[in-house]
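What the coordinates show
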Amino acid sequence: SHNNGRSHMTRKSCFDYDVLLLKRSSTSAFMPNAYVFPGGMVHSSDFSSEWLDIFKSFSNSPNFGLRSVTQPVETRPPLFATDRLKLGSPIPGEVAFRICALRETFEESGVLLCVSKVEEKRLLQSLDGRCTTDGEGPLHYKANDLCSRELNRWRDLVNLNPSNFIKMCRELEVLPNIWALHEWSNWLTPAGRYGVKRFDTAFFICCLQEIPHALQDEKEIVCLEWSTPSDVLQSYRAQELWIAPPQVYELSRMCHVPRLDDLHSFSRQRATEGCEQLLPVVSLKDEHYTALLPGADCPSHLTHIQTAVKHEEDSALHRIVTVDPYTITLQITITPKYNHLLPVLAPTSQYDSKSRL
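About the cut-offs
In every chain, residue numbers begin from 1 and rise along the written sequence. Totals for whole chains, interfaces and linings use all residues, but because this is a predicted model, local features are given only for residues with pLDDT of at least 70 and pairs of side-chain atoms are given and counted only at 80 or more. Excluded from the side-chain calculations are hydrogens and water; all other atoms, namely the structure's heavy atoms, are used. UniProt positions are given in the numbering used here, feature names are shortened, and annotations may be inferred rather than shown by experiment. Pairing of aromatic rings covers Phe, Tyr and the six-membered ring of Trp, with a centre-to-centre limit of 6.5 Å; geometry is then stacked below 30 degrees between planes, edge-to-face above 60, and tilted otherwise. Runs of E in the DSSP output that reach at least two residues are strands. Runs of H or I that reach at least four are helices, and both are numbered from the N terminus. Nonpolar cores are built from buried Ala, Val, Leu, Ile, Met, Phe, Trp, Tyr and Cys residues. Side-chain atoms within 4.5 Å join them into one set. Burial classes follow relative accessibility: with a 1.4 Å probe on protein chains only, a residue under 20% of its type's maximum area counts as buried, one over 50% as exposed, and anything between as partly exposed. Between N-to-C directions, angles cover 0 to 180 degrees, with each direction set by a line fitted to C-alpha atoms, over the stretch in contact for helices. An angle counts as roughly parallel when it lies under 35 degrees, as roughly antiparallel when it exceeds 145, as roughly perpendicular when it falls between 65 and 115, and as oblique in every other case. Left-handed describes a crossing whose near helix is turned anticlockwise from the far helix through less than a right angle; right-handed describes the clockwise counterpart. Any pair of residues with heavy atoms lying within 4.5 Å of one another is described as a contacting pair. When residue character is reported, Ala, Val, Leu, Ile, Met, Phe, Trp, Tyr, Cys and Pro are called nonpolar, Asp, Glu, Lys and Arg charged, and the others, Gly included, polar.

Looking up the chain in an unreviewed UniProt entry gives the name Acyl-coenzyme A diphosphatase NUDT19, with the organism given as Cyclopterus lumpus. The UniProt entry for the chain carries the following comment under Sequence similarities (unreviewed entry): "Belongs to the Nudix hydrolase family."

See the structure below:
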C-alpha cells in the first residue's frame, strides 16, 4: 500500500491510499491473467546461512530484530511454527519468508524495499532502546533511492538466480527491509481446486509513504495496477479484472481502513498477535462452489460426524460462496481471531470510515 498523494476528501472513494496488484501472464501455469499481490515461491537461498553475515549487526537480537509474536507456537500456522534449525537452516521462517517476499517483489515489480547503513544504525538504536513502549516503528518506509540503471542490472541478475539477491545486498551495502513487513494472514490452497500443486502462502502488509518506482518484468507479470481496495473490488465485479478469492477476502478486510496512517498503525500493532491458517474446505452445496473457513459449523457430510441439526440463522458462518468467477459472496458471522478485521460484506464503494481498529 502507498499514499496516493490525493486528498481522500475530494475523491468518490474515501481511501487515501492505493494497493499494488500485478497481472500474471496468460502463459502462467498458476492462475493465468489473474491480478495478484506481489510475491512468489520460496527459494533455498532465502534460508541461506549467508544472510547471517548480511544481518550480523542484529546477531544479538532474536529473529534479526523482528518483534516477537504472542501467539502460542502450538496454534501458529505450520509455515511459521516449523523449526528451521532442524531442517538445517539458521534463518527463522519469519525472516526467510520476508526475504522471499522482498526478493520476489523486486523481481516482479522492480520495487526494492531496503535499509541503508544509516537507517540500519537508527534501527539498531531503536531496538536497543525498545522496552514496553510500542511506537509506530523506527522507519518511515520508502522504497530504494538507488539509480535505476544499477537496479535494473541487479534485477536481471536476481531473476536469473535468486541467490544473487544476497550478493546484491552485500555489494550495495543494504538490508532487505524485513521490519517493514507485518504479518497479515496465511492461506493454503484447497485440494484439487487449482491443479495438483498447493501453495501455503504468507501474506504480509507494508505501508509506504510515497509511490515507489515500479516496472513489470514482462515475463511472469504483464501489467501493474495501483488502485484503492474498493476500486479493485468494483472492477472485479464489473468483470474488468479477475482476482482470486483470498484477494477478494483480504481487500474486503482493508475496506474497513480507508486511511493509510490507520492501516499502518493497525497492521503493525495487530501483527504481534499472529494469525491462523485459512484453509478453505470445499462443499458443493446448491451447485455453488462453497469454501468453508475456520470457525464455521461444518456440514456433517464433510466431517462424517453426525451432529444436531442447526437452523441456518444459528450457525457460525465463515465461508466464501462462488456463484461464478466474478461473483463471490462472503458469509461471515464469526468473530475473527488474533484481533483481525472482518471483511466488509456490502458490495459498495462507500465504506464506513469509522475503522474497526
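Describing the packing of aromatic side chains
Tallied over the entire structure, the rule returns 13 aromatic pairs. Taking 6.2 Å as the distance between ring centres and 80° as the angle between the ring planes, the aromatic pair formed by Phe 80 and Phe 97 counts as edge-to-face. Placement of the pair is Phe 80 in helix H2 (residues 78-81) and Phe 97 in helix H3 (residues 93-109), with a sequence separation of 17 residues. Through pairs of rings, three or more aromatic residues link up here, namely Trp 51, Phe 55, Phe 58, Phe 64, Phe 106, Phe 165 and Trp 179.

Digging into the nonpolar core
Counting 46 residues, the largest nonpolar core has Trp 184, Ile 243, Tyr 249, Leu 251, Met 254, Leu 263 and Ile 320 as its most contacted members. It is strand S2 (residues 17-24) that contributes the most residues to this core, 5 residues altogether.

Some remarks on the packing of helix H5 (residues 148-160) against helix H6 (residues 164-172)
For the pair H5 and H6, interaxial distance at closest approach is 8 Å and the crossing angle is 150°. Here H5 lies roughly antiparallel to H6, going by the angle between them. Between H5 and H6 lies a crossing of right-handed hand. Contact residues: H5 offers Glu 150, Trp 154, Leu 157 and Val 158, while H6 offers Asn 164, Phe 165, Lys 167, Met 168, Glu 171 and Leu 172. When the residues that make up the contact of H5 with H6 are grouped by side-chain class, the tally is 6 nonpolar, 1 polar and 3 charged.

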